[in-house]
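# Survey of secondary and tertiary structure
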Amino acid sequence: MQIGCCWFDNTRRLLVDQATATQWHLNDHEYWVLSQLVQHRGQVVPLSMLETVAISGDCPHQLSHAELLDIISKIINYLCQRHTNLIEYVPEQGVILYTTATAKRTKILELPERLLSLGQYLFIIVILLGVLLFVYSKLNPPQFAQADVLRKVLTPDGHIVQLFVFGNNNQQDAILHADCLSSQLRLCHNIRWDSIHVALSANQDYMSFTLTDASETTPLVNSVKVSIDNMSTPFITQQWLQKVHICG
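Residues numbered from 1 in each chain as written. Predicted model: local features only at pLDDT ≥ 70, side-chain atom pairs only at ≥ 80, totals over all residues. Heavy atoms only, no water.

Attention shifts here to the sheet that holds strand S8 (residues 87–90). Strand order in the open sheet formed by 3 strands is S5-S9-S8, with antiparallel pairing between adjacent strands. Strand pairing shows two members of the sheet lacking a second neighbour, strand S5 (44–46) and S8, which therefore form its edges. Each adjacent strand pair in this sheet contributes to an overall mean axis angle of 25°, direction not counted. Pairing of S8 with strand S9 (residues 94–97) involves 4 bridges; the strand directions are antiparallel. Pairing of Ile87 across the sheet is with Leu97, part of S9. (Pairing = 2+ DSSP bridges. Helix = DSSP H or I, 4+ residues; strand = E, 2+ residues; numbered from the N terminus. Axes fitted to C-alpha atoms, helices over the stretch in contact; angles between N-to-C directions.)

Here it is as structure tokens:
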């Protein structure tokens, strides 16, 4: 079964990225959820069905809602960047696997006959230049470099947040903070940001966060800089995320 750029081998419980030949061996829970979505492709599969794992030969058992969201997030991470919206979580109802990817429409696309004013163009250009200058001067490596850690986080309200972490030659700390931030973002009931860029400083003294919301006609960008006493100790909590307005 073709799912975007991946091939789902139902017999061997494999998901194969045909572009890179990367293979993921699905565990029982991942296999159950994906097989149900494939069998009911194009339909909203109820949460109750997905949470009741009933693989042949085994006694049925229940997944918690948090476990299901984590599984859906992992499956989305397996898909190619352009196919991440093949799977959509419908809060309090279920999950749907689309036959083809659906484009995310912004207000500008919804009103193609409306042209941006000169002031709006200039404002967008200034914002983008500001972000590029900030990233180039403060974040090392720059935005154009490959992120050490890339995650797609699915929140309880069905919002997908792309997380980019730059470790500045410190892969272990980058993974540590990416894991901590991912787990806390999955608990956020309301989050407006589409992407979050995190950079660890070269001298291990601070972390920089760049937050982007591209869903509005005028994109919103915010930044947070945090002093760190011990870079190897995670500090991100729900209270902190709410304090800096990452979580609503």
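Turning next to the pairing of strand S12 (residues 195–200). With respect to burial, S12 is a largely interior element, 6 of its 6 residues being buried. Of the two faces of S12, the one holding Ser195, His197 and Ala199 and the one holding Ile196, Val198 and Leu200 are both buried throughout. Sheet topology note: the strand S11 (residues 160–166)/S12 ladder contains 5 bridges and is parallel. Across the sheet, the residue bridging to Gln162 is Ser195, located in S12. Pairing of S12 with strand S13 (residues 206–213), which is carried by 6 bridges, proceeds in the antiparallel orientation. In the strand pairing of S13, His197 is matched with Thr210. The antiparallel hairpin formed by S12 and S13 contains 5 residues in its connecting segment, where Gln204 sits at a positive phi of about 65°. (Buried < 20%, exposed > 50% of the residue type's maximum accessible area, 1.4 Å probe, protein only.)

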